[in-house]
Amino acid sequence: MSETTGASYAAAGVDIEAGDRAVELMKEWVKKTRRPEVLGGIGGFAGLFDASALKRYERPLLASATDGVGTKVDIARRLGVYDTIGHDLVAMVMDDIVVCGAEPLFMTDYICVGKVHPERVAAIVKGIAEGCVLAGCALVGGETAEHPGLLGEDDFDVAGAGTGVVEADRLLGPDRIRKGDAVIAMASSGLHSNGYSLVRHVLLDRAGLTLETEVAELGRTLGEELLEPTKIYSLDCLALTRTTEVHAYSHVTGGGLAANLARVVPDALHAVVDRSTWTPGAVFDLVGTTGDVERLELEKTLNMGVGMIAIVPEESTEAALTTLADRGVDAWVAGEITDRGDKATGAELVGDYAV
């Protein structure tokens, strides 16, 4: 009679030991994000944050957000580069939180893989931890899930959730915006983490370019450009609110500049942004010309070179630009707030981009 072998989790494709190894490898990176309010370390069932730190607030409002990186993870997978995608994740979450004026406090992540490769998972967490340092928040925990049969061995996805805090009477948003306010644009670092389904379709599928293709106008390979991490503006925005009056921020993500700016403009007012105040980076023109994508389609999909918007009183413009310049942020006055009139939307782009 032949000996039979019982079923096991490992035989089903889940490697618990590899998961444990990944946790050990990521611990050193998580430690770098530690804030004084964090209790314990990773490996527990929940991350702990000492809420008594909020006693200094008169009326603390907690702000939360959750997001992912989208199909940009496919670029990381194809290139085998995993230690930058975490920057994108932190930016997508924490720059949403800072829009209301909230200070980022802590974040958790969720990494889903087809097969746990400990060094690969640790590299992803390294990027998340580095992003948390840039955003000023702690990485208090997360989850790595192995889904064999659902995902291929090299497939993965990432998501995260974050929490911040803002004093109630310092909450930023539409109620503060006034006619005559200046619209200040902050330059993006490239595509950031939106529109990659269009970008991949145009450049990789239709044009047949490879990620290793050297693109003269980019000054590097296509893959290097597409994997450029999303700029994290959190600490820059917080510094701006400390040094001058700010009425609102708008994080330019999916939907483009006009649609995201309209989200923070009150019904009676209108934001007018002048395209002639900046020149979008070469990657935006590459996508548009290669794929014969109309400008309006590009603008409602990609950030076109602007990653964050600050709306400030006109008299605060110079101080705001000085603060951002001192922090190394490329920023400029891109428009103003006017009466709504008969405009159908809360924001529009006018003119032509500078050449």
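Can you help me understand the pairing of strand β10 (residues 248–251) in this one?
Here is the key point about a regular strand: its side chains alternate between the two faces of the sheet. Of the two faces of β10, the one holding Ala248 and Ser250 and the one holding Tyr249 and His251 are both buried throughout. As defined by bridge partners, β10 adjoins strand β12 (residues 306–312) across four bridges and the pair is classed as antiparallel. When the sheet's bridge partners are listed, tyrosine 249 is paired in β12 with alanine 310.

I would appreciate a short explanation of the layout of surface pockets in the present structure.
Over the atoms, a rolling probe the size of a water molecule traces out where space has been left empty. Of the voids in this model, the second largest pocket is the one considered here, and its volume is about 350 Å³. Forming the boundary of the second largest pocket are 16 residues, of which Gly101, Val166, Arg170, Leu238 and Thr241 lie nearest the centre. Looking at the lining of the second largest pocket, the elements with two or more residues in it are β6 (156–167) and α7 (234–243). Residue composition of the lining of the second largest pocket, grouped by class: six nonpolar, three polar and seven charged.

Even after reading the chapter, I still don't get the sheet that holds β10, so can you show me in this structure?
Picture the strands of a sheet paired through backbone hydrogen bonds; they go either parallel or antiparallel. The six strands are arranged β10-β12-β7-β13-β11-β14 in an open sheet whose pairing can be described as mixed. Either end of the sheet is taken by a strand with one partner, and the two such strands are β10 and β14 (347–350). Neighbour-to-neighbour, the strand axes of this sheet turn through a mean angle of 25°, independent of strand direction. With five bridges joining them, strand β11 (residues 269–274) and strand β13 (residues 331–339) adopt antiparallel strand pairing. Bridge assignment links valine 273 to a residue of β13, and that residue is glycine 335. Contacts from α7 reach β7 (182–187), β10 and β12 within the one sheet, and its direction differs from that of β10 by about 170°.

What's the story with the pattern of salt bridges in this structure? I'm lost.
Here the idea is simple: oppositely charged side chains can pair when their charged atoms come close. Taken as a whole and assessed by the stated rule, the structure comprises 17 salt bridges. As a salt-bridge pair, aspartate 83 and lysine 126 come within 3.8 Å of each other at their nearest N and O atoms. In this pair, aspartate 83 is assigned in the loop between α2 (72–79) and α3 (85–97) and lysine 126 in helix α4 (residues 118–135), connecting sequence segments 43 residues apart. With a relative accessible area of 18%, lysine 126 lands in the buried category. Linking arginine 220 and glutamate 228 is a salt bridge whose minimum nitrogen-to-oxygen distance equals 3.0 Å. Judged by relative accessible area, which is 25%, glutamate 228 ranks as partly exposed.

Can you help me understand the state of the cysteines in this one?
Throughout this description, disulfide means a covalent bond between two cysteine sulfur atoms. Enumeration over the complete set of coordinates arrives at zero disulfides. The closest cysteine sulfur to the non-disulfide-bonded cysteine 137 is located on cysteine 132, 3.6 Å from its own sulfur. Judged by relative accessible area, which is 1%, cysteine 137 ranks as buried.

In this structure, what is going on with empty space enclosed by the protein? I would like to understand it.
In this structure the tally under the stated criterion is one cavity of 30 Å³ or more. Considered as a void within the structure, the largest cavity measures approximately 50 Å³ in volume. Lining the largest cavity, in full, are Val113, Lys115, Val116, His117, Arg120, Val121, Glu153, Asp154, Asp155 and Phe156. A per-class count over the lining of the largest cavity returns four nonpolar, one polar and five charged.

Sorry, what's going on with the packing of aromatic side chains here?
To describe a pair of aromatic rings, you give the distance between the ring centres and the angle between the ring planes. For the structure on display, the rule yields four aromatic pairs. Here the aromatic rings of phenylalanine 49 and phenylalanine 106 are separated by 5.0 Å at their centres, their planes lie at 40°, and the arrangement is tilted. Note that phenylalanine 49 is positioned in strand β2 (residues 48–49) and phenylalanine 106 in strand β4 (residues 103–113), a separation of 57 residues in sequence. On the basis of relative accessible area, phenylalanine 106 is assigned to the partly exposed category, the value being 23%.

Teacher, can you tell me more about α7 here?
Every α-helical turn comprises 3.6 residues, leaving residues that sit three or four positions apart pointing alike. Burial analysis of α7 places seven of its ten residues in the buried class, the great majority of the element. Residues of α7 that are buried: Ser234, Asp236, Cys237, Leu238, Ala239, Leu240 and Thr241.

Honestly, the side chain of histidine 87 in this entry has me stumped. Any pointers?
Its place among the elements puts histidine 87 in helix α3. Relative accessible area serves as the criterion here: at 13%, histidine 87 is assigned to the buried category. When neighbours within four sequence positions are excluded, histidine 87 is seen to be in contact with Gly127, Ile128, Glu130, Gly131, Leu134, Pro229, Thr230 and Ile232.

Looking at this structure, I do not really get the environment of valine 199. What am I missing?
Relative to the elements of secondary structure, valine 199 occurs in helix α5 (residues 196–206). With a relative accessible area of 0%, valine 199 lands in the buried category. The contact partners of valine 199, leaving out residues within four places of it in the chain, are Leu191, Leu204, Leu226, Val287 and Leu302.

Rules behind the numbers
Residues numbered from 1 in each chain as written. Predicted model: local features only at pLDDT ≥ 70, side-chain atom pairs only at ≥ 80, totals over all residues. Heavy atoms only, no water. Buried < 20%, exposed > 50% of the residue type's maximum accessible area, 1.4 Å probe, protein only. Helix = DSSP H or I, 4+ residues; strand = E, 2+ residues; numbered from the N terminus. Pairing = 2+ DSSP bridges. 1 Å grid on protein atoms, 1.4 Å probe; cavity = no way out; pocket = protein on both sides within 12 Å on 5 of 7 lines; lining within 4 Å. Points joined across faces, edges and corners; volume = space filled by probe spheres on them. Nonpolar A, V, L, I, M, F, W, Y, C, P; charged D, E, K, R; others polar. Axes fitted to C-alpha atoms, helices over the stretch in contact; angles between N-to-C directions. Contact = heavy atoms within 4.5 Å. Salt bridge = Lys/Arg side-chain N within 4 Å of Asp/Glu carboxyl O. Disulfide = S-S within 2.5 Å. Phe/Tyr/Trp six-rings, centres within 6.5 Å; stacked < 30°, edge-to-face > 60°.

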